[in-house]
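Close look at the chain arrangement
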Amino acid sequence: MEVITIEKKTYEAMMERFRILTAKVDALCRECDEKRMGRWLDNQDVCQILNISLRTLQTYRSNRMLPYTQIGYKMFYKPEDVGKLLEQSSAL
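Residues numbered from 1 in each chain as written. Predicted model: local features only at pLDDT ≥ 70, side-chain atom pairs only at ≥ 80, totals over all residues. Heavy atoms only, no water.

Some remarks on a nonpolar patch on the surface
Which entries qualify depends on this criterion: Like-charged residues within 9 Å of one another, or nonpolar side chains (Val, Leu, Ile, Met, Phe, Trp, Tyr) within 5 Å, are grouped into patches, provided each residue has over 30% relative accessible area and no salt bridge. Surface accessibility in these figures is a Shrake-Rupley result with a 1.4 Å probe; residues are shielded only by whichever protein chains are displayed. Here a salt bridge means any side-chain nitrogen of Lys or Arg lying within 4 Å of a carboxyl oxygen belonging to Asp or Glu. Helix numbers and strand numbers start at the N terminus; a helix is a DSSP run of H or I with at least 4 residues, a strand a run of E with at least 2.
On the surface, a nonpolar cluster with roughly 450 Å² of combined accessible area is contributed by I4, I6, Y11 and M14. Here I6 shows up in the segment before α1 (8-38).

Let's talk about the pattern of salt bridges
Which entries qualify depends on this criterion: For every residue, the accessible area (1.4 Å probe, protein chains only) is compared with the maximum for its type, and the residue is labelled buried under 20%, exposed over 50%, or partly exposed between those bounds.
By the definition in use, this model includes 4 salt bridges. Put simply, E16 and R19 hold a salt bridge, and the shortest N to O gap is 3.5 Å. Of this pair, E16 and R19 both sit in helix α1, 3 residues apart, which is roughly one turn of that helix. Judged by relative accessible area, which is 40%, E16 ranks as partly exposed.

Notes on the packing of aromatic side chains
Put simply, the rule reads: Centres within 6.5 Å are what make two rings of Phe, Tyr or Trp a pair, Trp counting through its six-membered ring; a difference in plane orientation under 30 degrees is then read as stacked, over 60 as edge-to-face, and the rest as tilted. Remark: a charge is flagged as sitting over a ring if the NZ atom of Lys or the CZ atom of Arg is within 6 Å of the ring centre and within 35 degrees of the ring normal.
According to the stated counting rule, one finds 1 aromatic pair in the structure shown. If you follow R61 out to its NZ or CZ, it ends over the ring of Y68, 5.6 Å from the centre.

Side note on helix α3 (residues 54-62)
To keep things clear, this is the line we draw: Taken from the helix axis, the directions to the C-beta atoms give the arc we talk about.
Inspection of α3 places L57, Y60 and R61 among the buried residues, and these make up the whole buried set. Projected down its long axis, α3 carries its buried residues within an arc of 100 degrees, all on one side. Among the residues trailing α3, R64 stands out with phi positive, at a value near 60 degrees.

Quick look at the UniProt feature "domain: Helix-turn-helix" (unreviewed entry) in the chain
Applicable threshold: UniProt positions are given in the numbering used here, feature names are shortened, and annotations may be inferred rather than shown by experiment.
In this structure's numbering, the residues bearing the UniProt feature "domain: Helix-turn-helix" (unreviewed entry) are residues 40-88. Strand forms 18% of residues 40-88 and helix 55%; the C-alpha atoms that close the span are 20 Å apart.

Quick look at the domain arrangement of the chain
For the record, the criterion: In this entry, domain limits derive from an automatic or database-based domain assignment.
The domain architecture assigned to the chain consists of domain 1 (1-36) and domain 2 (41-89). Just the C-alpha atoms count here: the centres of domain 1 and domain 2 sit 42 Å apart.

Considerations on helix α2 (residues 43-50)
All of the buried residues in α2 are V46, C47 and L50. On an axial view of α2, the arc spanned by its buried residues comes to 100 degrees, and they lie on one face. Residues Q44 and Q48 are exposed on α2 and point more than 90 degrees away from its buried face. Positioned one or two residues after α2, N51 has a phi angle of 55 degrees, which is positive.

Regarding the sheet that holds strand β2 (residues 69-71)
Our working definition: Whether two strands pair depends on DSSP finding at least two bridges between them.
With antiparallel pairing, 3 strands are arranged side by side in an open sheet as β1-β3-β2. The two strands at the open ends of the sheet, each matched to only one other strand, are β1 (41-42) and β2. Both β2 and strand β3 (residues 74-77) contribute to a ladder of 3 bridges, which runs antiparallel. When the sheet's bridge partners are listed, T69 is paired in β3 with F76.

Here is the structure:
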């Protein structure tokens, strides 16, 4: 086993840089998580935005008119996809 010794001052400087790096990584992870799921809409949100029933929303999913992601038993929708569907329905 090889033992390496360093000065206390050097060790403290390394640990401080490590703490800064850890804080930056944590901030990036939080930002990524917010982008990933923070802006997604659930069934209730989409029904309110489109002024439709849950059954109509199910029809949109079944007919592939509205892309979604399912996590467990819950459906999530990207706001951009809901906006596109809203634009298409208003164009008709």
